[in-house]
Amino acid sequence: PSIVASHERVAFSVPSYFTTNSVHYSGRCLLKSYIRAALKRDEVVHVLGFEVSEEETRGDLDGSCAERLLFHDGYKDPLGWRKSASFTAHQFNSQDLTRILRQTQQPKAPVLVIDSLSWLLRHHDPVAICRSLQELRRGGAVRTIVGLLHSDLHNTSTVDCVSHLATAVVTLAPTSQGPLAVAKTTKRTKSGKVTQDEELFSIQGDLTVTIHRTVSQAGKKQTEQESSEADPTANLTFNLRLSDTEREAKEKVSLPFVFSQEKKSALLHKGQRSGRILYVPDANDDFDQEDPDDDLDV
Amino acid sequence: MYAELNSILNASPDNCKQGEFTLISDRKADASFLVHHFLSFYLRAGCKVCFLGLAQSFSHYSAVAQRLGVSLTQAKEKGQLVFYEGLKDCLGVLLREGSTHESPTLDFLRPHCSDLKGLYDFVSSSVARVGDAAGTGPWAPPVLLVDDLSVLLSLGVSAGAVLDFTHYCKATICTELQGNMVTLIRCEEEEEEQGDEQGSDVLLKGLIHQCSLALQVQGLLTGYCKHIHGEVEVWWRGVANGMQMQKKVLQYKVHDKGAVFFARGTSSVVL
């Protein structure tokens, strides 16, 4: 099955969608394939590019798709050092963004792709960014916001802060087997239900995504996962369980100190069979009742 | 210039790649031999080279380049090399603070300024002057070499400001002018105190995200060895054609006039 189909479902149902990644695996490929898939189904896609140039973003797309992509260049001069800026970091607020998104008169609400949130987080307060994203989402100027976040560049609180805002978070990690990677998707529905998915995927040269195996089934409760992960009896060197015959044998054994019928009769009929000490005093034995220790030379 | 490294990186002075951002990082080892390699490589390739020498003086680089068969003095006279003596100039700014005649290049050392715009302006103006020396013909494409970025951190620049600087250099040199960029960064050993380490850690990760080729030099885990000086991890990070990154780990030994690279455990003294 192809992920593009499932991608579509995700994109239609959720207003925002973030991809996180680390140094060891770049999420940009998946982001590009998302852009391609969105363009293929005739969506209006705006890309705020800070980390990758316009040519590179358009480069991997085929002709008609590349033409329809609307690129806002925050790559060449994001801080206004060269005084040739087309989009600067300061413009990242809901008013300016809404203005830019509405410039192109399109009947459909567009998809906004941010490449990347990490760049923005370096120049803005995380709170301000979260607020802008929230306002954008409420304002209705966009249908979906997709952002790339390099999660290893920020502290966990910032990553959490942005992740809480998202309705779906895809965390990518490499595997030992070459082009394959693991995508962990956490989706939050409006009712507050959280579902997690783990999939093994790879991206082909033409930016199509192939899912190879679903690692864990959708809708699995997290508590279940945690308890199965923390099973201490998983890899023991000894046996903790009993087979039926072993249990039978175990039950047959009578415990010491339990007063059974046998013990009772043994105690009552003691005599002949129990051991006795026979003592015949020797002639030399000078046993003095008064002083039993007198042979000790004390 | 090390021929062996060229074949590993699949490059030669006659046919050098364009738009490449190479990051060299080292940990418990010295990766400056790679800086010398790239300096002589790009000078031989006929590129216009802008070198920000923040860690060593010109005479040091010149002496090493001489051994590798390249004359920096000549390249400078021809206009091919622009060498920025950051080591001397920084001291100059710090000692003569408040004097009227100031170049904006080292603005970041002055209290009112925290970004590296001045340094970027210097870089962009020096790479833009392609072929203005009369009769020598144009040098293309431009190359920026920085040795090393960690010095900026020690001078009080924040990691974010350094990343902005490299971002601008990449946008101008690699993307716009189709040139190349090579920077060195030194990482601290792992058991350092938190506050300081964070800066260089963030800088390293940020740069790895920016670069297209990372060469990570590391000392041997088992300690010093006379015949194997360390390991280089070559990490192609280009994500073109849907290909994810490739990695290759090699061990190396630096000689007087070159370096040898070999697969792990295949050093001639081991076998």
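The rules behind the values
Residues numbered from 1 in each chain as written. Chains lettered and ligands numbered in written order. Predicted model: local features only at pLDDT ≥ 70, side-chain atom pairs only at ≥ 80, totals over all residues. Heavy atoms only, no water. UniProt positions renumbered as here; feature names shortened; annotations may be inferred. Salt bridge = Lys/Arg side-chain N within 4 Å of Asp/Glu carboxyl O. Helix = DSSP H or I, 4+ residues; strand = E, 2+ residues; numbered from the N terminus. Buried < 20%, exposed > 50% of the residue type's maximum accessible area, 1.4 Å probe, protein only. pLDDT = per-residue confidence, 0-100. Disulfide = S-S within 2.5 Å.

Per an unreviewed UniProt entry, chain B is named Elongator complex protein 6, and its organism is Denticeps clupeoides. Per its UniProt entry, chain B bears the Pathway (unreviewed entry) comment "tRNA modification; 5-methoxycarbonylmethyl-2-thiouridine-tRNA biosynthesis." A UniProt comment under Sequence similarities (unreviewed entry) is attached to chain B, and it reads "Belongs to the ELP6 family."

Chain A carries the name Elongator complex protein 5 in an unreviewed UniProt entry, which gives Denticeps clupeoides as its organism. Reading the Sequence similarities (unreviewed entry) entry of the UniProt record for chain A gives the comment "Belongs to the ELP5 family."

Turning next to the pattern of salt bridges. Inspection of every chain in the model, using the stated rule, returns 21 salt bridges over all chains. Aspartate 96 of chain A serves as the salt-bridge partner of arginine 99 of chain A, at 3.4 Å between the closest nitrogen and oxygen. Of the two residues, arginine 99 of chain A and aspartate 96 of chain A both sit in helix α5 (residues 94–103), 3 residues apart, roughly one turn of that helix. Residue classification places arginine 99 of chain A among the partly exposed positions, given a relative accessible area of 43%. Residues aspartate 164 of chain B and arginine 122 of chain A are paired through a salt bridge, measuring 2.7 Å at the closest nitrogen-oxygen approach. Linking aspartate 164 of chain B in helix α8 (residues 159–176) with arginine 122 of chain A in helix α6 (residues 117–123), this pair reaches from one chain into another.

Counting all residues, the mean pLDDT for chain B is 84, and 88% of those residues have values of 70 or more. Averaged pLDDT values for the elements of chain B fall to 79 in helix α9 (residues 194–210) of chain B and rise to 94 in strand β5 (residues 180–186) of chain B.

Scanning all chains against the criterion turns up 0 disulfides over all chains. Of all cysteine sulfurs in the structure, the one in cysteine 161 of chain A sits closest to cysteine 130 of chain A, which takes part in no disulfide; the separation is 3.5 Å. Of the cysteine sulfurs around cysteine 50 of chain B, a residue in no disulfide, the closest is that of cysteine 169 of chain B, at 8.4 Å.

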